[in-house]
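# Structural overview
Residues per chain, in single letters:
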Amino acid sequence: QVQLVESGGGLVQPGGSLTLSCAASGNIFSLNVMGWYRQAPGKERERVASITRRGNKDYVDSVKGRFTISRDSAKGTVYLQMNSLRPEDTAVYYCNAQLRFTDEEYAWGKGTLVTVSS
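Residues numbered from 1 in each chain as written. Predicted model: local features only at pLDDT ≥ 70, side-chain atom pairs only at ≥ 80, totals over all residues. Heavy atoms only, no water.

## Considerations on the overall build of the protein chain
In terms of regular secondary structure, the protein chain is built from zero helices and 11 strands. Ordered by position from N to C terminus, the α and β elements of the protein chain give β-β-β-β-β-β-β-β-β-β-β. In terms of overall dimensions, the protein chain is globule-like: its C-alpha atoms have a radius of gyration of 14 Å, near the 13 Å expected for 118 residues. Taking the principal axes of its C-alpha atoms as reference, the protein chain extends roughly 45 × 25 × 20 Å. Classification of the 118 residues of the protein chain by burial places 39% in the buried group. Expressed as a percentage of contacts within the protein chain between residues at least 6 apart in sequence, the contacts between residues at least 24 apart total 54%. Here the protein chain displays about 6,500 Å² of accessible surface, and carbon together with sulfur accounts for 45% of that area. One way to put it: in the protein chain the 14 positive side-chain charges average out to a point 6 Å from where the 11 negative ones average out. (Helix = DSSP H or I, 4+ residues; strand = E, 2+ residues; numbered from the N terminus. Rg over C-alpha atoms; globule rule 2.2 N^0.38 Å. Buried < 20%, exposed > 50% of the residue type's maximum accessible area, 1.4 Å probe, protein only. Contact = heavy atoms within 4.5 Å. Areas by Shrake-Rupley, 256 points an atom, 1.4 Å probe, with all protein chains shown as cover. Lys, Arg positive; Asp, Glu negative; His and termini not counted. Charge placed at Lys NZ, Arg CZ, Asp CG, Glu CD.)

This is the structure we're talking about:
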């Protein structure tokens, strides 16, 4: 079993930066692809970034060039560095992990709120 806990959310001005962290506990070895999702009020959950164990990254078009995902596989920690933030980035950001060698297929954090506003 894996537990994910996000941190780093908060209020930031447009154009500002924020870095989110996701700390995993439990069966760290089971962590496979990890990623960040977000959900704004009235909108569907959206995957914004993902990273494989080998470091291959993928981003939704709207954050390319602004967000950077990274991970420390040994520690089971994933980060999302967010630059040039826009009001439309406002959402609850969730950490996600695809799992291997387990009966469960994925794990989710409870989310951290990012508010981009002046």
